[in-house]
Amino acid sequence: MSGIENAKKMSKQEVLDKIAASGILEYGLHHETLSERIRMAEEEAQEERLELGVVAALNNADTDGVLLEVLKENPEKVTGGIAILGYALGTDKLSLHIPKSAAALADLVKDAAEAENVEIVIGLVNKRAEKGSVLMHMITAAGLSDVLEDSFEAGIYVSANGAELKKVACCLLYTSD
């Protein structure tokens, strides 16, 4: 069963609790927990009276787009993670940003995005326009699907000298101790 199917069998709070218990970290440059990202976005949306949303993208630092391989290999994991968070937050403002340099990927992920009502946007994330949204890396979105499938393992993706992209297990989990 997919992560979004599992999520929809749970209450929204149960999904948020499962995310928190997983300790999943934002994959990108800022390594706070996804739960912390959610809290900050909820506060911002409430303070500024904005619609809460969920946005997944690459970080601007990923100039060669190597992490797009995860999206190519399993677009359902990425769009499913976006949909899971949208469900938990009670929002249908969901988007996946694909860099202009990889715009052809939009056709590859179109069906997965449509199945989860995720809008595909070509280009960089405009952080001002997305205020009040949870901004997360595509890898975090894929990991979130794994969290709800009870198959999440912390790790980083590596590719040396153009070799195949691989996930390597590591201990990048948040603990309160």
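Below you will find a few notes about this structure. (Residues numbered from 1 in each chain as written. Predicted model: local features only at pLDDT ≥ 70, side-chain atom pairs only at ≥ 80, totals over all residues. Heavy atoms only, no water.)

So, on to the sheet that holds strand β4 (residues 133–137). Here we have four strands laid out as an open sheet, ordered β3-β2-β1-β4, and parallel in their pairing. Across the chains shown, the open sheet's two edge strands, defined by having one partner strand only, are β3 (119–122) and β4. Each strand of the sheet is rotated relative to its neighbour by a mean of 25°, with strand direction disregarded. Relative to β4, strand β1 (residues 53–57) is paired through five bridges, and the arrangement is parallel. Paired with Val55 across the two strands is Leu135, which belongs to β4. (Pairing = 2+ DSSP bridges. Helix = DSSP H or I, 4+ residues; strand = E, 2+ residues; numbered from the N terminus. Axes fitted to C-alpha atoms, helices over the stretch in contact; angles between N-to-C directions.)

We now examine helix α2 (residues 12–22). Listing the buried residues of α2 in full gives Val15, Leu16, Ile19 and Ser22. Angular distribution of buried residues about the axis of α2 spans 125°; they occupy a single face of the element. In this structure, the buried side of α2 is in contact with α1 (3–7), α3 (34–47), α5 (75–89) and α7 (138–148). Positioned one or two residues after α2, Gly23 has a phi angle of 75°, which is positive. (Buried < 20%, exposed > 50% of the residue type's maximum accessible area, 1.4 Å probe, protein only. Arc of directions from axis to C-beta. Contact = heavy atoms within 4.5 Å.)

Pairs of packed helices are described in terms of their axes, by the angle between the two and the distance that separates them. One way to put it is that α2 packs onto α7 with a least axis distance of 10 Å and a crossing angle of 105°. The angle between the axes of α2 and α7 places the two elements in the roughly perpendicular class. Contacts between α2 and α7 pair Val15, Lys18, Ile19 and Ser22 from the former with Leu144, Val147 and Leu148 from the latter. Taken together, the residues that form the contact of α2 with α7 break down as five nonpolar, one polar and one charged. (Parallel < 35°, antiparallel > 145°, perpendicular 65-115°, else oblique. Nonpolar A, V, L, I, M, F, W, Y, C, P; charged D, E, K, R; others polar.)

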